[in-house]
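Chain by chain, the residues run as shown.
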Amino acid sequence: MKLKSFHKNSTATMCLIAVMLSFMASFICATEVEMGDREINPGSSLIKWFLALNKRPYSFIPYDPRLILATIAEEGTDDFAYVLEVTRELGNDKAFSNIPVELIVQSTESQKKEIYRAFSEASDLKINWIYKDERQEYLTGLMQMEYASFSLFLSTWSGMRVPKTSNWLGIGHFSNIEAMDKGLDVSITDDLLLTENYYQSSGVNNFANLTLSRRNRRFLSDPEHYNHNVNHPYLKYSLDSAQDKSCIASPKFGLGELHLGLPFNSELIEKIDDYEMSVDKASTSLHQDLKQLLQDKPWLGYALTGHRDLNTQAETIQNVSYYTAYYQDEAFLKEYLDIIRRIEPGEIKIVTPTKSTILSTPAFREMLYEMGFSTIHYKSRGGSGIYFQRIGSEYRKITFINPGFIDNERAYNALAYFSQPLTLVTGDMSLIKAITMNKIPFYEWHYFQTDVNKHLQSLWKGTGLESFFVNDYQPEIKAAALNQFNLDSPLRREINRRIISAHNAMPGLLDVIWLVHRPSHALWNLDTQVRERLENGQNDELFHEIKQTESMDIRDILATKVLIQHSRDQSTGFNQYQLDELFMLIQDPRLREYLIPLLNKH
């Protein structure tokens, strides 16, 4: 029997799926979770990949639903922030209130303490911490996934064991997706050279990064190491080949055409919109968050405004020019400051966690003096410091303000929002917040993220800021672009809101979680249809049905599912001609890209 025609934009698509697959035998499904109705978009690349990768859920073990969010957070906080953002979003949506959420975090004892310190709400979550050097706890933690209704792996997760019995999905952090026809070795070498050139142009001696670049280039030139060593960001395609005999490329978060977008926080989006559209801004929650911050840290308001009156600091601070800089590498801080000094007259105030011990080093002070700063101030809760070196007639003052630890994220968001539009950010979560706050992000990239600026450049095309979003060390050119661009222009908000609308991965993540807990949904019939055809040896019939499916989205799902199944057991009965044709039928460029490493493996 042939599949009926589908129309991509038809509201009756879901019903048609059920009708067209009426030949299927009945089966026992998992108990539905009471979640209400939700419109699922089969055109979403995330939904397509999820359906192609997973089987229809037949039963939950135990019979109550349980969602697992997993990541590896062994350094930094971005990996944990990914699972935390999804947890927050689920908590804000009543439709998911009947699904208990647990976190599995592979980490270290020291990083665990850092996460609890950075995220106060983490103590309210059920978190299973696992450590690779404690094998029994590690295995016990991983076994939790086998009893979950769904496991979602986010950010850094390659190397974690995926569950055998439950549905699951893994999405990596923002990094390059290189064109396979270019060759990984060439791509990585180019990116490492680009990184090395940036550090050399900056004049900041970062021995660790230069050594990393050169070591990796030597590694790539050694065929023996390249072919056998998979401990590299570009080479982590495998889910766990020993476990389910497959090697599948991991989709990635990001802003490129082949990426799945970024998980924007809906609550923060609404808060920013409410403030910017409100007539009475003092009554908005964002303004109240700022007031709370200044009440908690009165010295910070005084450092920014020069006024001690807590009743007026929140209003005064909105008329004060200050910048925020959260960075890891001084090369990016140097270019950021070099840009600011060209666009900001008078004193420059930088809110940054930079410690006084860094400012007191001769090399750091010399870097500032070379940029024309003759007076350097430092302010923090613990005190202040002043460094002088007047040269010539020019007098430029720069003040570094270390806000200290801010355990209230709403307060942190308010401090960041009321800063100047240009902001230095590092990591995915900081970039997400900068876009949400309608900023112009100066992004500190790593050698496996050299495409981030390329993506931002395309998204800001036509604004005059194309020359700003480049990986070269060019503070003068970037400052000229910013001076030409009106930073107060409504265009800044328009561009960022357009980015969020087109690249918000959060709705897709919620769709996936919703769908796995609705096993009677018509989209799951596609899985049953493919499996029954293959089990009955009707691969030729299935091949023709897929070819004749008019809905591009449904055809993408069916063809991808067959190719994944063939790569796993090599016994689908399809010949190479049919496999090649199925691949060519797939129109979604993301699915094609995810399949290439898998198909090249066999």
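Residues numbered from 1 in each chain as written. Predicted model: local features only at pLDDT ≥ 70, side-chain atom pairs only at ≥ 80, totals over all residues. Heavy atoms only, no water.

Okay, the overall build of the chain next. Per the secondary structure count, the chain includes 27 helices and 12 strands. Here the chain holds 602 residues, and the buried ones make up 56% of them. Looking at the chain alone, contacts between residues at least 24 apart form 69% of all its contacts between residues at least 6 apart. Counting every atom, the chain has about 26300 Å² of accessible surface; 49% of that belongs to carbon and sulfur. (Helix = DSSP H or I, 4+ residues; strand = E, 2+ residues; numbered from the N terminus. Buried < 20%, exposed > 50% of the residue type's maximum accessible area, 1.4 Å probe, protein only. Contact = heavy atoms within 4.5 Å. Areas by Shrake-Rupley, 256 points an atom, 1.4 Å probe, with all protein chains shown as cover.)

Attention shifts here to helix 10 (residues 266-277). Its 12 residues give helix 10 an end-to-end C-alpha distance of 16 Å, which sits within 8% of 16 Å, the value for a rise of 1.5 Å per residue. Among all positions of helix 10, only L268, I269, K271, I272 and Y275 are buried. Seen from one end, helix 10 has its buried residues packed into an arc of 165°, which puts them on one side. Facing away from the buried side of helix 10, by more than 90 degrees, are the exposed residues E270 and M277. (Expected span 1.5 Å × (residues − 1). Arc of directions from axis to C-beta.)

Here we take up the nonpolar core. Formed by 143 residues in total, the largest nonpolar core has its most connected members in F80, Y336 and L422. Setting aside anything within four residues of it in sequence, one finds Y336 in contact with Y323, T324, A325, I350, L422, T423, L424 and F442. Ranked by size, the runner-up nonpolar core spans 25 residues in total, among them L294, W299, I406 and A414. (Core = buried A, V, L, I, M, F, W, Y, C linked by side-chain atoms within 4.5 Å.)

Phi is positive for S155, which is not a glycine, with a value near 65°. One can find S155 in strand 4 (residues 150-155). In the Ramachandran plot, N438 falls in the positive-phi region, its phi being about 60° despite a non-glycine side chain. Within the secondary structure, N438 sits in the loop between helix 18 (428-436) and strand 12 (440-444). By relative accessible area, N438 is classed as buried at 1%.

Right, let's talk about the sheet that holds strand 7 (residues 348-351) for a bit. If you trace the five strands from one edge of the open sheet to the other, you get 6-7-10-8-9, paired in mixed fashion. Where the open sheet ends on each side, the last strands, each with one partner, are strand 6 (323-324) and strand 9 (383-388). Strand contacts of helix 14 (residues 330-343): strand 6, strand 7 and strand 10 (397-401), with the helix running at about 145° to strand 7, the strand carrying the most contacts. (Pairing = 2+ DSSP bridges. Axes fitted to C-alpha atoms, helices over the stretch in contact; angles between N-to-C directions.)

A few words now on the pattern of salt bridges. With the rule as written, the count across this model stands at 25 salt bridges. For R497, the salt bridge identified is with D273, shortest N-O distance 2.9 Å. Taken together, the positions of R497 in helix 21 (residues 490-503) and D273 in helix 10 put the pair 224 residues apart, joining distant regions of the chain. Residues joined in a network through salt bridges with shared partners are E85, R88, E121, E409 and K433. (Salt bridge = Lys/Arg side-chain N within 4 Å of Asp/Glu carboxyl O.)

Further remarks concern the packing of helix 10 against helix 17 (residues 409-417). The N-to-C vectors of helix 10 and helix 17 enclose an angle of 50°; their axes lie 12 Å apart at closest approach. By the criterion of interaxial angle, the relationship of helix 10 to helix 17 is oblique. Note that helix 10 runs across helix 17; the crossing there is right-handed. Packed against helix 10, whose contacting residues are L268, K271, I272, Y275 and E276, the element helix 17 presents R410, N413 and Y417 at the interface. The residue inventory of the contact of helix 10 with helix 17, partitioned by class, reads four nonpolar, one polar and three charged. (Parallel < 35°, antiparallel > 145°, perpendicular 65-115°, else oblique. Left-handed = near helix turned anticlockwise from the far one by under 90°. Nonpolar A, V, L, I, M, F, W, Y, C, P; charged D, E, K, R; others polar.)

Here we take up the packing of helix 12 (residues 298-305) against helix 13 (residues 310-317). The N-to-C vectors of helix 12 and helix 13 enclose an angle of 50°; their axes lie 10 Å apart at closest approach. As summarised for this structure, helix 12 and helix 13 are arranged oblique, according to the angle between their axes. For the element pair helix 12 and helix 13, the recorded crossing hand is left-handed. Where helix 12 abuts helix 13, its residues P298, G301, Y302, L304 and T305 lie against L310, Q313, T316 and I317.

Turning next to the packing of aromatic side chains. Under the definition given, this model contains 28 aromatic pairs. Between the aromatic rings of F50 and W524, the centroid separation amounts to 5.6 Å while the plane-to-plane angle is 75°, which identifies the pairing as edge-to-face. Within this pair, whereas F50 is found in helix 2 (residues 45-53), its partner W524 is found in the loop between helix 22 (506-516) and helix 23 (525-535), the two being separated by 474 residues in sequence. For the pair formed by F50 and W524, the shared burial category is buried. Measuring from ring centre to ring centre gives 4.6 Å for Y198 and F332, while their planes differ by 20°; the resulting arrangement is stacked. Placement of the pair is Y198 in helix 6 (residues 184-202) and F332 in helix 14, with a sequence separation of 134 residues. Considered together, Y198 and F332 belong to a single accessibility category, that of buried residues. (Phe/Tyr/Trp six-rings, centres within 6.5 Å; stacked < 30°, edge-to-face > 60°.)

Here the focus is the confidence of the model for the chain. Parts of the prediction with low pLDDT should not have their coordinates interpreted in detail. Scored by pLDDT, the chain has a mean of 84; 82% of the residues are at 70 or more. The low-confidence segment residues 1-29, where pLDDT is below 50, has 58 contacts with residues more than four positions distant or belonging to other chains. Long-range and interchain partners of residues 219-248, a stretch whose pLDDT sits below 50, account for 66 contacts in this model, where long-range means more than four residues apart. (pLDDT = per-residue confidence, 0-100.)

All right, on to the pairing of strand 11 (residues 422-426) then. Within strand 11, five of the five residues are buried, which leaves the element mostly enclosed by the surrounding structure. Residues of strand 11 alternate between two faces, with L422, L424 and T426 on one and T423 and V425 on the opposite face, all of them buried. As paired strands, strand 11 and strand 12 are joined by five bridges and run parallel to one another. Residue T423 lies in a different strand from strand 12, and its bridge partner there is P441.

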